[in-house]
Amino acid sequence: MRVNRLKAVNYRNLKRFEINPCKNVNIIFGDNAQGKTNLIEGIWLFTGCRSFRGSKDCEYINFENEQAMLELDFFGQGRDQNSKILVSDKKKVELNGVTLSSPSKLTSEFLAVVFSPAHLSIVKDGPSLRRKFLDTAICQLKPKYAGALLQYNRALSQRNALLKDITYHSELYDMLDVWEEKLCSLACVIISQRVEYIKKLEPFLIDIYSGISKGKEEMKISYITDEKIKLNSPADIKSSLVEALKSARKSDIYNGSTNTGPHRDDLGLEINGLLARNFGSQGQQRSCALALKLAEAELIKNITGEQPVILLDDVMSELDSARQDYILNHIKDKQVFITCCEPSALLKMSGGETFKLKEGSLCTCT
Ligand SMILES: Nc1ncnc2c1ncn2[C@@H]1O[C@H](COP(=O)(O)OP(=O)(O)OP(=O)(O)O)[C@@H](O)[C@H]1O
Ligand SMILES: [Mg+2]
């Protein structure tokens, strides 16, 4: 996978912008608020995923205009391709001249992995962001997973609504069997895909984290779920979940919500046997988030045969020079976009190209 050209018109502060990046490392530097993260976000949107900034579509449009356009020429699946994203009151997406029914249809056409400071929350904050990391990563490999998630969330809302209704209409109690059967089938798809993903990601992650820390620290990853759920096989997951929901009915009716299932699960991230969230230093937490992203890229390549484009926004701060060196060395043969304010740490890397961004425009440096 390779970006050959990105064009932006009235996209955030990139009013008339075009970049023809090189096929390996592209260093984008400039002062604060010049448009570096906007550029990374603009490329990321072609994965069909939502912005890592959690922005609404209308926020992409330059304040002084009514519509924005992004166009990407890329090489992927063995051929040159073109995609366009138009944002006005609606978002319209084209791939090779054909309008797609929804932006998510771009998923797995253009593959990328992004790290931005916002992703530190995966390590630092609550479980929902770790679940989101897993779900987004799996969706890029298996677009049908997104449908299973959607159906699971619907079935979950239906069970929760029923739990509340049962308080006033006890005759509805028997309907729980039907809803729980459906909910557990969908939950089983989600949990087994997540467990399988973690199993595949683990060797890459351990290797990359060990490299970042020069072999001094060991990282571990695990799937954390209710202790009653047996993760051995999909059949075990489903039957143990059915049992767990049955035995929790009384308290679930009391609370009006379902307290077991993939919507409550977590991803365990440990460094040297300690939870990174609670005990990791800032540099360790950043290394951990970054290792997750780099491992995600390795796994995509391993499974699809396509090397995803790597987008690293402001990745170097808080890392010591040994950790910075590992990252530069690890990414040097891939197409990477890496942003920073001060490029001196990155300039020791040969073979890349450097672009300076100023007020949303580019000047190529020599
Ligand atoms: N819809 C929009 N229209 C116009 N300008 C916008 C829009 N959305 C964001 N901006 C502006 O784009 C500017 C650049 O933002 P960006 O986050 O890309 O900066 P940056 O170069 O990454 O800076 P930093 O080094 O601080 O991370 C900001 O000043 C922001 O206010
Ligand atoms: Mg930025």
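Each value, and the rule that gives it
Within each chain, residue numbers correspond to sequence positions counted from 1 in written order. Chain A is the first chain written and ligand 1 is the first ligand written, with later ones labelled in order. Local features in this predicted model are restricted to residues of pLDDT 70 or higher, and side-chain atom pairs are both shown and tallied only at a pLDDT of 80 or more, whereas totals for entire chains, interfaces and linings draw on every residue. Heavy atoms from the whole structure form the basis of all side-chain values; hydrogens and water molecules are not counted. Grouping buried Ala, Val, Leu, Ile, Met, Phe, Trp, Tyr and Cys residues that are joined through side-chain atoms within 4.5 Å yields what is termed a nonpolar core. Relative accessibility decides the category of a residue: with a 1.4 Å probe and only protein chains considered, values under 20% of the type maximum give buried, values over 50% give exposed, and everything between is partly exposed. For the domain bounds, the source is a domain assignment made automatically or taken from a database. Two residues qualify as a contact provided that any one of their heavy atoms is within 4.5 Å of a heavy atom in the partner residue. Any residue with a non-hydrogen atom lying within 4 Å of a molecule or strand is treated as near it. Within 3.5 Å is the distance limit for a polar contact, defined as a pair of N or O atoms, with the added protein rule that one can donate a hydrogen and the other accept it, and that residues adjacent in sequence qualify only through two side-chain atoms. Throughout, the Shrake-Rupley method with a 1.4 Å probe supplies accessible areas, and for residues the shown protein chains are the sole cover considered. Ten residue types, Ala, Val, Leu, Ile, Met, Phe, Trp, Tyr, Cys and Pro, are classed as nonpolar, four, Asp, Glu, Lys and Arg, as charged, and the remainder, Gly among them, as polar. A run of H or I in DSSP becomes a helix once it reaches four residues, and a run of E becomes a strand once it reaches two; helices and strands are each numbered from the N terminus. In short, DSSP must find at least two bridges between two strands for them to pair. Each axis is a line fitted through C-alpha atoms, and for a helix only the stretch in contact is used; angles between axes span 0 to 180 degrees, taken between their N-to-C directions. The quantity reported as buried area is the accessible area (1.4 Å probe) lost by two parts once they are put together, taken as the sum for both. Each salt bridge in this description consists of a side-chain nitrogen of Lys or Arg and a carboxyl oxygen of Asp or Glu lying within 4 Å of one another. Patch members must show over 30% relative accessible area and no salt bridge, and they are joined within 9 Å when carrying like charges or within 5 Å when they are nonpolar side chains of Val, Leu, Ile, Met, Phe, Trp or Tyr.

**Student:** Where do I start with the nonpolar core in this structure?
**Tutor:** One recurring pattern in soluble globular proteins is that nonpolar side chains are buried together. Formed by 108 residues in total, the largest nonpolar core has its most connected members in Leu6, Leu39, Phe110, Leu269, Leu311, Leu312 and Ile338. Here this core gathers at least three residues from each of two domains, domain 1 (1-111 + 311-366) and domain 2 (117-305). Other than its neighbours up to four places away in sequence, isoleucine 338 contacts Val25, Asn26, Ile27, Ile28, Leu312, Val315, Met316, Leu328, Ile331 and Leu346. One finds Leu162, Leu163, Ile166 and Leu176 within the second-largest nonpolar core, a separate group that totals five residues.

**Student:** How should I be thinking about the site of ligand 1 in this particular structure?
**Tutor:** With respect to spatial proximity, 16 residues lie near ligand 1, and among them Ala33, Lys36, Thr37, Arg53 and Ile61 are the closest. Take alanine 33: an N or O atom from its main chain is 2.7 Å from an oxygen atom of ligand 1. Between ligand 1 and lysine 36 there is a distance of 2.8 Å, counted from an oxygen atom to a side-chain nitrogen or oxygen. When the free accessible area of ligand 1 is taken as 650 Å², the share hidden by the protein chains comes to 73%. Of the residues contributing to the shell around ligand 1, the split by class is four nonpolar, seven polar and five charged.

**Student:** When you look at unusual backbone geometry in this model, what are you seeing that I'm missing?
**Tutor:** Non-glycine residue lysine 214 carries a positive phi angle of around 55 degrees. Mapped onto the secondary structure, lysine 214 falls in the loop between α5 (176-212) and β9 (219-224). With phi around 45 degrees, asparagine 272 is a residue other than glycine that occupies positive phi space. Within the fold, asparagine 272 resides in the loop between β10 (266-271) and β11 (274-275).

**Student:** Any chance you could explain the sheet that holds β10 here in plain terms?
**Tutor:** Sheet strands associate in pairs through backbone hydrogen bonding, adopting either a parallel or an antiparallel arrangement. Spatially, three strands are ordered β9-β10-β11 in an open sheet, and the strand pairing comes out antiparallel. At either end of the open sheet lies a strand with only one pairing partner, and these are β9 and β11. The sheet contact formed by β10 and β11 spans two bridges and is antiparallel. Residue pairing across strands places isoleucine 271 opposite leucine 274, the latter belonging to β11. Against the sheet, helix α3 (residues 127-141) contacts β9 and β10, and its axis sits at roughly 100 degrees relative to β10.

**Student:** Looking at this structure, I do not really get the pairing of strand β2 (residues 14-19). What am I missing?
**Tutor:** Looking down a regular strand, the side chains alternate between one sheet face and the other. Relative to β2, strand β1 (residues 2-11) runs antiparallel, the two sharing five bridges. By the bridge assignment, alanine 8 is partnered in β2 with phenylalanine 17.

**Student:** Looking at this model, I keep getting lost on the environment of glutamate 66. Mind explaining?
**Tutor:** Position of glutamate 66 relative to the elements: it lies in the loop between α1 (36-44) and β4 (68-76). Measuring from C-alpha to C-alpha, the distance between glutamate 66 and asparagine 10 comes to 8.5 Å, with 56 residues separating the pair along the chain. Setting aside chain neighbours within four positions, we find glutamate 66 in contact with Ile61, Val87 and Ser88.

**Student:** Please clarify how the sheet that holds strand β6 (residues 91-95) should be interpreted in this entry.
**Tutor:** An order of β2-β1-β4-β5-β6-β7 is seen for the six strands of this open sheet, with the pairing classed as antiparallel. Where the open sheet ends on each side, the last strands, each with one partner, are β2 and β7 (98-99). Pairing geometry for β6 and β7, over two bridges, is antiparallel. Its bridge partner being in β7, glutamate 94 is matched across the sheet by threonine 99. Sheet contacts for α1: β1, β2 and β4; angle to β1, the most-contacted strand, approximately 115 degrees.

**Student:** Honestly, the domain arrangement of the protein in this entry has me stumped. Any pointers?
**Tutor:** Size of an interface, as often reported, equals the accessible area lost when the parts are brought together. Along its sequence, the protein is carved into domain 1 (1-111 + 311-366) and domain 2 (117-305). Between the C-alpha centres of domain 1 and domain 2 the distance comes to 29 Å. Opposite the 23 residues of domain 1 that make contact, domain 2 presents 25 residues. Across the domain 1 to domain 2 interface the summed buried area is about 1900 Å²; carbon plus sulfur atoms make up 63%. At the boundary of domain 1 with domain 2, the tally comes to three salt bridges. Between glutamate 217 and arginine 323 there is a salt bridge, with its nearest N and O atoms 3.0 Å apart. Summed over the shared surface of domain 1 and domain 2, the number is eight residue pairs in polar contact (both at pLDDT 80 or more).

**Student:** Explain a nonpolar patch on the surface to me, please; I cannot follow it from the model alone.
**Tutor:** A contiguous nonpolar surface patch, about 300 Å² in accessible area, is contributed by Leu274, Leu275 and Phe279. Mapping phenylalanine 279 onto the fold places it in helix α8 (residues 276-279). Owing to a relative accessible area of 55%, phenylalanine 279 belongs among the exposed residues under this scheme.

**Student:** How should the environment of phenylalanine 204 be read in this particular structure?
**Tutor:** On the secondary structure map, phenylalanine 204 appears in helix α5. Judged by its relative accessible area of 21%, phenylalanine 204 falls in the partly exposed class. As a C-alpha pair, phenylalanine 204 and leucine 186 span 18 residues in sequence and 28 Å in three-dimensional space. If near-sequence neighbours (up to four positions away) are discounted, phenylalanine 204 is found in contact with Ala295, Glu298, Leu299 and Asn302.

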